[in-house]
Amino acid sequence: MVEAIVFDLDGTLLNTLDDLQDSTNYALKQCGFDPRGYEEVRSFVGNGVRLLIERAVPQGTDKAQVEKCFEIFTKHYDKNMENKTRPYDGVEQMLEEVKKRGYKTAVVSNKYDSAVKKLVGERFGKYIGLAVGESETVKKKPSPDGVWAALESLGVKRESAVYVGDSDVDAMTAKNAGLRFVGVTWGFRDRELLESLGADRIIDNPSELVAAVESFA
């Protein structure tokens, strides 16, 4: 029986891509680099913002310049992370239903911890009280550390939890953490990839989540 649902954030609950692209391109411009297109940035996300910047800068950029670009990005994103970011259609209704059913919930994201806590608190605070992001004490996904820390705080065993996400990193995280994985197709990756990764369930609309979770023995 499932007692807890652990969610990814970007591409699962929130469409953050426009703000991530804006901050990426602001940083690239400040460093004298060409901007990146929407689909390029979409393909770069999922492994944390540091790797996003490492992928966005021109190949062969020296480490000092990458670090400068990353710092500019972070300062810009801290102030502009909610300009265009919105929950995906149906997500709030889904979370309301999850709450009614009595599931414990958490978010575990590769975004840096302060941003995760801010976004989750402001957008979903009445549904989700626990948010874990990358920090010095929590390794980024696909390490299971964040998921395990969340489950410990919730008081739930691995076999009684599922992980919900949209990407290959999320599928690997669930596997590494020993959780079943529900893949969502409205985020940053497509159904074909989720199928190839062996997702336990795949859903196309947030309204399908509760039924998918309840289908697990």
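**As for the side chain of Thr105**
Working step 1: In this structure, Thr105 sits in strand β4 (residues 104-112).
Working step 2: In this structure the side chain of Thr105 is engaged in a polar contact, spanning 3.1 Å, whose partner is the backbone oxygen of Tyr127.
Working step 3: In this structure, Thr105 is in contact with Ile5, Phe7, Val98, Tyr127, Ile128, Leu130 and Leu154, ignoring residues within four places of it in sequence.

**Some details on helix α3 (residues 49-56)**
Working step 1: For α3, the full list of buried residues reads Val49, Leu52, Ile53 and Ala56. Taken down its axis, α3 places every buried residue within 95° of arc, on the same side.
Working step 2: Where the residues of α3 are buried, they touch α1 (17-30), α2 (38-44), α4 (63-80) and β4.

**Some details on the packing of α1 against α3**
Working step 1: Contact geometry for α1 and α3: axes closest at 11 Å, N-to-C directions at 55°. In terms of orientation, α1 and α3 fall into the oblique class. Every pair of crossing elements has a handedness; the one defined by α1 and α3 is right-handed. Across the interface between the two elements, Leu20, Thr24 and Leu28 from α1 touch Val49, Leu52, Ile53 and Ala56 from α3.
Working step 2: For the contact of α1 with α3, the per-class residue count stands at 6 nonpolar, 1 polar and no charged.

The rules behind each value
Residues numbered from 1 in each chain as written. Predicted model: local features only at pLDDT ≥ 70, side-chain atom pairs only at ≥ 80, totals over all residues. Heavy atoms only, no water. Helix = DSSP H or I, 4+ residues; strand = E, 2+ residues; numbered from the N terminus. Polar contact = N/O pair within 3.5 Å; in protein donor to acceptor, adjacent residues only side chain to side chain. Contact = heavy atoms within 4.5 Å. Buried < 20%, exposed > 50% of the residue type's maximum accessible area, 1.4 Å probe, protein only. Arc of directions from axis to C-beta. Axes fitted to C-alpha atoms, helices over the stretch in contact; angles between N-to-C directions. Parallel < 35°, antiparallel > 145°, perpendicular 65-115°, else oblique. Left-handed = near helix turned anticlockwise from the far one by under 90°. Nonpolar A, V, L, I, M, F, W, Y, C, P; charged D, E, K, R; others polar.

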